[in-house]
Amino acid sequence: MSKETKVSDLVEKVKAYHPTADVEMIRQAYDFSAKVHKGQKRLSGEPYLIHPMAVAGIIADLKMDVPSVVGGLLHDTVEDTLTTLDEVKSIFGDEIASLVDGVTKLSQVNFTSHEEKQAENFRKMVLAMAKDIRVILIKLADRTHNMRTLSHLPAEKQIITAQETLDIYAPLSHRLGIAWIKCELEDLALKYLHPEIYYQLKRNVAKRKVDREKYINEVISIITKKLEEEGIDTEVTGRSKHFFSIYQKMESQNLLYDQIYDLVAFRILVDTLRECYEALGVIHSHWKPVPGRFKDYIALPKPNMYQSLHTTMIGPYGERMEIQIRTHEMHRIAEEGIAAHWRYKDGKDFQFNEIQRFAWLRQLLEWQQNLQDPQEFLHSFKEDLFSDEVYVFTPKGDLLHFPKGSTVIDFAYRIHSEIGQHCSGARVNGQLVPLKYLLRSGDTVEIITTHQQTPTRDWLRLVKSPRAKSHIRNWIKKQERERSVALGREILEGDLNRYKLDYASLRRDGKIDAMAKELGMKDEETLLASIGYGKITPRQILIKLVPTEMLDAGRKKPEGTLERLFRLVSGQKRDLGVKVKGVEDVLVRFARCCHPLPGEEIIGFITRGRGVTIHVLSCPRVLESDPHRKVEVTWQDSGQTPRAIKIEVICVDRPGLLAAISAAITSAEVNIARAQVGTFPNQKALNTFEVMITNSDQLKRVLRNISKVKGVYKATRARG
């Protein structure tokens, strides 16, 4: 097929939904992309141009506007060729240059790099989304094609890319309401992360294909006939659920494939809202609904504007089947999501409309403004991507949605941060409940506050919403900081008094502020907090105010930054293979919450009187601690002593599998210190191994070996 034919196919696809589109710009972008990518090859050996063409095609499948399609054709030109952004701007204009610039920034987000850098880059991505949501839609199209061609990458890169897709891009497409991209990305990620499970599901689904198609056709015929008898014009379709949704059900309910019954879903499309409920009545009168399995997302739309009626029935031959009922317009929004809100108006152009209707996007932008720590922002974003919702009412009847598992504390913070800070309980449906009460859809909640009540660290285990977590973390950091400031002032004043210096006078004269700036501190409060934590000593201030001979008089040994606070007792020091920047003798211990391993990125936190605690940089506890307690730490080349790490393995309960898993562990030259086996009635087992690991690469090798064992569903490192 010639190049001209390929671009003609793209042009025809765009003209099918946008007859007056400026297709000349699409041809121009194609020619430009072909010129600058000339000679470049993908890892598959194919010309690189195939990739931007495929991305543009996916964007056209979403029925996006011409600038988006052009952005897809040009999205890699600045990143992967000598083309400059100014050159793109001069040829294609500011709008398209802005889209290319936004996607170029996104391509720099590497989710396996240093987490703080990763988080800062991710914040840039959100800013690009805030400026123009089309940026993330182009990026989703780019990721979709990359996942379709992932087999050409090395195995290690396949796993990293697939995990990143499952963690970020698939749930992001769900939040943006683009169902078909979400399903495709999830299935492709499963294929590379758990190939044994993926191909087993594929074989099982293929095995029943003939019977399933016969069943689907029979049910479609019955539904169509029944609805026509009631005068409802309808379009009925049936399909097998996609692999990842089957895998999720197997995981969440500890089921084997043969134990899952509702593997088939049917969709009924009608013309009007009234017909949705009429069709539901017809279906419920013909088959028995499964109690508790009806959901009305028309009256209570999801945050991504998804609307549909969901019900599960006992269909022909006693088979469970899920049925979705919606209008054609609801279906368009369900499939295209936020892209469905581009409107073609007056035969002129497409306009993106009603972005503010997407409450989740508003919330995302609010976090971006309120969470100063980019790492906390990324963590909150990831948490929220995976949350299911519950719907509850305020006493005035306003409807609010929360992540599943939220408590009344989440509700309180959603109303106002002050109400959250002083929440002592609640009335739910008129009954008094404690703070740990889990919200349920349909609850009416009224918060009770007392001035004496304030947040505690325990609240972080009770709340689910990122908003509540960030407010509680900020409160804890503030209290921690206030204590350290008070302690720092007490220490400094005591040392100044020994030399007949008055803190208040020095402060009035501006000397405290001047010394703070000289030591690289933002202000006086930061200086005092650093003294309170032990990051700097009063001597570093006194040396600027008192002659050196007076300071050294009677002093046996000069002390550095942390030594005075964390002098080691003889025999207490162990070589843990970690170096604290600027300090020789300091007590170092590993955090029990995350068990850092050599090779993982780490950060140290000063704990007064207990030395420096080493955390993995991505540990949630890092987010709860005052950043001023941070101290730079690095792994040393030597001292990689094996440490006990727990691994959890979910697998089929069958003879010989435990031996096969043990062999997979020892094949990575790792010793097993302890093993525990737990079985479930549904032919599944949970095995916990305590293994002696030297570094993160060795741990990855062990997990990879275990995952290859036939019958293993999942192998993960146990935290905490």
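Everything here concerns the structure above.
An account of the accompanying structure is given in this report. Just so we're clear, the structure is a prediction, and the values are computed from it rather than from any experiment.

Rules of the game
Residues numbered from 1 in each chain as written. Predicted model: local features only at pLDDT ≥ 70, side-chain atom pairs only at ≥ 80, totals over all residues. Heavy atoms only, no water. Helix = DSSP H or I, 4+ residues; strand = E, 2+ residues; numbered from the N terminus. Contact = heavy atoms within 4.5 Å. Areas by Shrake-Rupley, 256 points an atom, 1.4 Å probe, with all protein chains shown as cover. Expected span 1.5 Å × (residues − 1). Buried < 20%, exposed > 50% of the residue type's maximum accessible area, 1.4 Å probe, protein only. Core = buried A, V, L, I, M, F, W, Y, C linked by side-chain atoms within 4.5 Å. Axes fitted to C-alpha atoms, helices over the stretch in contact; angles between N-to-C directions. Parallel < 35°, antiparallel > 145°, perpendicular 65-115°, else oblique. Left-handed = near helix turned anticlockwise from the far one by under 90°. Nonpolar A, V, L, I, M, F, W, Y, C, P; charged D, E, K, R; others polar. Pairing = 2+ DSSP bridges. Phe/Tyr/Trp six-rings, centres within 6.5 Å; stacked < 30°, edge-to-face > 60°. Lys NZ or Arg CZ within 6 Å of the ring centre and 35° of its normal.

Moving on, we get to the overall build of the chain. The helix and strand inventory of the chain stands at 30 helices and 23 strands. Of the contacts formed within the chain by residues at least 6 apart in sequence, a portion of 65% connects residues at least 24 apart. Counting every atom, the chain has about 34,600 Å² of accessible surface; 50% of that belongs to carbon and sulfur.

This brings us to helix 3 (residues 50–61). Counting along an α-helix, one turn takes 3.6 residues, and residues three or four places apart therefore face a common direction. In this model, helix 3 (twelve residues) spans 16 Å end to end at C-alpha, consistent with the 16 Å of a helix rising 1.5 Å per residue. Most of helix 3 is tucked away: nine of the twelve residues are buried. Those residues of helix 3 not exposed but buried are His 51, Pro 52, Met 53, Val 55, Ala 56, Gly 57, Ile 58, Ile 59 and Ala 60. At the C-terminal side of helix 3, Lys 63 shows a positive phi close to 60 degrees.

Now for unusual backbone geometry. Its identity as a non-glycine residue notwithstanding, Lys 63 has a phi of 60 degrees, on the positive side. Note on placement: Lys 63 falls in the loop between helix 3 and helix 4 (66–74). A relative accessible area of 39% means that Lys 63 is categorised as partly exposed. One non-glycine residue, Tyr 317, lies in positive phi territory at about 65 degrees. Within the secondary structure, Tyr 317 sits in the loop between strand 5 (309–314) and strand 6 (320–327). Judged by relative accessible area, which is 64%, Tyr 317 ranks as exposed.

Another aspect to go through is the nonpolar core. Nonpolar side chains in soluble globular proteins generally cluster together in the buried interior. Counting residues in hydrophobic clusters, the biggest one holds 72 residues, and the most contacted among them are Ile 26, Leu 74, Leu 137 and Leu 176. Val 219, Ile 223, Ile 232 and Ile 323 belong to the second-largest nonpolar core, a separate cluster that totals 25 residues.

Between helix 3 and helix 9 (residues 134–148), whose axes approach to 9 Å, the crossing angle comes to 125 degrees. Classed by the angle they form, the pair helix 3 and helix 9 counts as oblique. The hand of the helix 3/helix 9 crossing is right-handed. Residues Ile 50, His 51, Ala 54, Val 55, Ile 58 and Ile 59 of helix 3 lie in contact with helix 9, whose contacting residues are Ile 138, Ala 141, Asp 142, Thr 144, His 145, Asn 146 and Arg 148. Looking at side-chain class alone, the contact of helix 3 with helix 9 contains seven nonpolar, four polar and two charged residues.

This next bit is on the pairing of strand 10 (residues 399–403). One ladder, built from five bridges, connects strand 9 (residues 389–393) with strand 10; its direction is antiparallel. When the sheet's bridge partners are listed, Tyr 391 is paired in strand 10 with His 401. What sits between the antiparallel neighbours strand 9 and strand 10 is a turn of five residues, in which Gly 397 has the positive phi angle 95 degrees.

Viewed as axis vectors pointing N to C, helix 22 (residues 466–498) and helix 25 (residues 524–533) meet at an angle of 85 degrees, and their least axial separation amounts to 6 Å. Between helix 22 and helix 25, the interaxial angle falls into the category roughly perpendicular. In this structure, helix 22 contributes Glu 480, Arg 481, Ser 484, Val 485, Leu 487, Gly 488, Arg 489, Ile 491 and Leu 492 to the contact, and helix 25 contributes Glu 525, Thr 526, Leu 528, Ala 529, Ile 531, Gly 532 and Tyr 533. In terms of residue class, the contact of helix 22 with helix 25 is made up of eight nonpolar, four polar and four charged.

Another point: the packing of aromatic side chains. Within this structure, the stated rule accounts for eight aromatic pairs. Pairing Phe 32 with Phe 92 gives two aromatic rings, centres 5.6 Å apart and planes at 80 degrees, and the pair type is edge-to-face. With Phe 32 in helix 2 (residues 23–36) and Phe 92 in helix 6 (residues 85–92), this pair connects stretches of sequence that are 60 residues apart. Positioned over the ring face of Phe 402 is Arg 414, at 5.4 Å from the centre of the ring. One residue, Arg 643, lies across the ring of Phe 590, its end atom 4.2 Å from the ring centre.

Function cannot be read off these values alone, since they describe shape.
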